[in-house]
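The chain contents come next:
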Amino acid sequence: MAEKKDKPKDTRTAEQIRRDIAAARARVSANVEQLVEEVHPTTVKDRAVDQARTFAQAEFNSAKATIKDEAGWRMDRVLAVGAAVAGVVVFLLTVRAIGGARKKSIEKKALKALELD
């Protein structure tokens, strides 16, 4: 059988033990309150919104820095962005025109089929 190790004797008074217990309760209570606040849905939402806002601002500043520097607007970059936007607009208009022409063609075929009946 294993030998018992002698524990050092607790020399605190009953009042000191009560104070220690009260202090421990206060610490636990504060920790629980802090935890509840930290995981509260409103706090989590606010933190996520702040992080998203910070990320969006950083990305905006990064994008802005590519077309504007200390000397002013970088026209080569502004023209490149403008050309890209114009290309997207032309592409969308072309797709829309093709879709409209196809729709009219289908409608004409449907009308012809009805007239033949």
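Right above here is the structure, for reference.
Here's what I pulled together on the structure shown here. Note that this is a predicted model, so its numbers are computed, not measured. (Residues numbered from 1 in each chain as written. Predicted model: local features only at pLDDT ≥ 70, side-chain atom pairs only at ≥ 80, totals over all residues. Heavy atoms only, no water.)

## Description of the overall build of the protein chain
Move 1: Helix and strand counts for the protein chain come out as three helices and two strands.
Move 2: Starting at the N terminus and walking to the C terminus, you meet the elements of the protein chain as α-α-β-β-α.
Move 3: Its C-alpha atoms give the protein chain a radius of gyration of 37 Å, clearly above 13 Å, the size a compact globule of 117 residues would have.
Move 4: Referenced to the eigenvectors of the C-alpha coordinate spread, the extents of the protein chain come out at roughly 105 × 65 × 35 Å.
Move 5: As presented, the protein chain carries roughly 11,100 Å² of accessible surface, and 62% of it is formed by carbon and sulfur atoms. (Helix = DSSP H or I, 4+ residues; strand = E, 2+ residues; numbered from the N terminus. Rg over C-alpha atoms; globule rule 2.2 N^0.38 Å. Areas by Shrake-Rupley, 256 points an atom, 1.4 Å probe, with all protein chains shown as cover.)

## A closer look at the packing of helix α1 (residues 14–39) against helix α2 (residues 41–67)
Move 1: Packing of α1 against α2 brings their axes to within 4 Å, and their N-to-C directions diverge by 55 degrees. Relative to α2, the element α1 is oriented oblique. Along its contact with α1, which presents E37, E38 and V39, the element α2 presents P41, T43, V44 and R47.
Move 2: Here the residues of the contact of α1 with α2 are counted per class, giving three nonpolar, one polar and three charged. (Axes fitted to C-alpha atoms, helices over the stretch in contact; angles between N-to-C directions. Parallel < 35°, antiparallel > 145°, perpendicular 65-115°, else oblique. Contact = heavy atoms within 4.5 Å. Nonpolar A, V, L, I, M, F, W, Y, C, P; charged D, E, K, R; others polar.)

## Focus: the environment of I98
Move 1: Counting through the fold element by element, I98 comes out in helix α3 (residues 75–116).
Move 2: I98 gets classed as exposed once you look at its relative accessible area, which sits at 55%. (Buried < 20%, exposed > 50% of the residue type's maximum accessible area, 1.4 Å probe, protein only.)

Any functional reading would require information that these geometric values do not contain.
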